[in-house]
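Fold and geometry: a report
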Amino acid sequence: MATLLYSLASPYARIARAVIRYLNVPNINEVISNPFENNANLVEANPLAKIPCLIFDDHCALFDSEVIIKYFDEKYGNNKLFGEKIDWQRAADFSMVKGLVDSAVGLRQEQMREEEGVRSRFWTERFEDAIVRAVKHIEAKKSNLYEVSGLSAEQLVLICALDYLDFRHPHLNWQSRAPQLAKWANKQIQKSCFLETQPK
Ligand SMILES: N[C@@H](CCC(=O)N[C@@H](CS)C(=O)NCC(=O)O)C(=O)O
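This is a predicted model, so every value here is computed, not measured. The residue count restarts for each chain, going from 1 along the sequence in the order it is written. Local features in this predicted model are restricted to residues of pLDDT 70 or higher, and side-chain atom pairs are both shown and tallied only at a pLDDT of 80 or more, whereas totals for entire chains, interfaces and linings draw on every residue. With hydrogens and water excluded, all non-hydrogen atoms of the structure serve as input to the side-chain values.

Attention now goes to the state of the cysteines. Only a pair of cysteine sulfur atoms within 2.5 Å qualifies as a disulfide here. Across all of its chains, the model carries zero disulfides by this definition. C160 takes part in no disulfide bond, and the closest cysteine sulfur, belonging to C193, lies 7.7 Å away. Only protein chains enter the area calculation, which uses a 1.4 Å probe; residues under 20% of their type maximum are buried, those over 50% are exposed, and those in between are partly exposed. Look at C160 and you get buried, because its relative accessible area is 2%. On the accessibility criterion, C193 (3% relative accessible area) is buried.

Note on aromatic pairs: the rings of Phe, Tyr and Trp (six-membered ring only in Trp) are paired at centre separations within 6.5 Å, and the planes decide the class, stacked below 30 degrees, edge-to-face beyond 60, tilted for the rest. Under the criterion given, the structure shown has seven aromatic pairs. Ring geometry for Y71 against F72: centres 5.9 Å apart, planes inclined by 50°, an arrangement best described as tilted. Overall, F72 belongs to the buried group, its relative accessible area being 1%. Ring centres of W123 and F127 lie 5.6 Å apart, and the angle between their planes is 40°; this geometry places the pair in the tilted category. With W123 and F127 both in helix α5 (residues 121-139), this residue pair falls four residues apart, about one helical turn. Judged by its relative accessible area of 41%, W123 is partly exposed. Whether a charge sits over a ring depends on NZ of Lys or CZ of Arg being within 6 Å of the ring centre and within 35 degrees of the ring normal. Of note, K80 hangs over the ring of Y22, and the distance from its end group to the ring centre comes to 4.7 Å. Only DSSP runs of H or I reaching four residues or more are called helices, and only runs of E reaching two or more are called strands; each is numbered from the N terminus.

A word on the site of the ligand. Only a single heavy atom is needed: when it lies within 4 Å of a molecule or strand, its residue is near that molecule or strand. Every residue lining the ligand is accounted for by S10, P11, Y12, P35, F36, A49, K50, I51, P52, D64, S65 and K98. In protein, a polar contact requires one atom able to donate a hydrogen and another able to accept it; more generally it is a pair of N or O atoms within 3.5 Å, and residues adjacent in sequence count only if both atoms are side-chain atoms. For the ligand, a nitrogen atom lies 2.8 Å from a polar atom in the backbone of I51. Residue S65 places a side-chain N or O atom 2.6 Å away from an oxygen atom belonging to the ligand. When isolated, the ligand has an accessible area of 500 Å², and the protein chains bury 80% of it. The distinction between a cavity and a pocket rests on a 1 Å grid over the protein atoms alone: a 1.4 Å probe fits inside a cavity but cannot get out, while a pocket stays open yet meets protein on both sides within 12 Å along at least five of seven lines, and a residue with an atom within 4 Å of a point counts as lining. Each molecule is checked against the cavity or pocket grid, and it sits inside if more than half of its atoms lie within 2 Å of the grid points. With respect to the pocket detection grid, the ligand is positioned in the largest pocket. Partitioned by chemical class, the residues of the shell around the ligand number seven nonpolar, two polar and three charged. Accessible surface is estimated by sampling points in the Shrake-Rupley manner with a 1.4 Å probe; for residues, cover comes only from the protein chains shown. Under the scheme applied, nonpolar residues are Ala, Val, Leu, Ile, Met, Phe, Trp, Tyr, Cys and Pro; charged residues are Asp, Glu, Lys and Arg; polar residues are all the others, including Gly.

Written out as structure tokens, the structure reads:
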């Protein structure tokens, strides 16, 4: 048995939780932990106090989301998410979609700084521009992210990223900027691994 610390809103934690469902990973106890509360079990396991964090019975821990899902894929998925051999183009696509999540979370953090009166216009615009460029890049098929069948690691992260944009940044209206991508994503999102982990 291992414990996965997560929050309902975190797109990184959702990636791990979607993979648990998609690969039928057994014996995981999912426990809500708000990282900003610095709970002792989280801070002891991950000095960065970030979720998701996977804690084993012997107190060993795995983080971040990429490491956790690579572990699940190797142990329970026969490498069906990442593939047996490194494909560098796919690795770059993975970095782009994970960077899309990073920019969306960075933008959210800027919104939260509003309350402290320290929101940066420079960083807000920079995050928004990166998000819009990445979505348009994918729509223009500069990667083959949404053309292959099945569900790869980069596609799974992309779905979590796009759904997080709908959840936190609807003003960016990504679906109207990338209608073909939206059509594909709206079909994928019906998979139970995504329906059961919708952000709240
Ligand atoms: N690179 C990490 C990022 C994890 C992360 O930043 N999680 C957020 C929640 S969305 C968090 O725990 N934030 C707390 C903090 O930044 O102190 C991953 O992929 O898991």
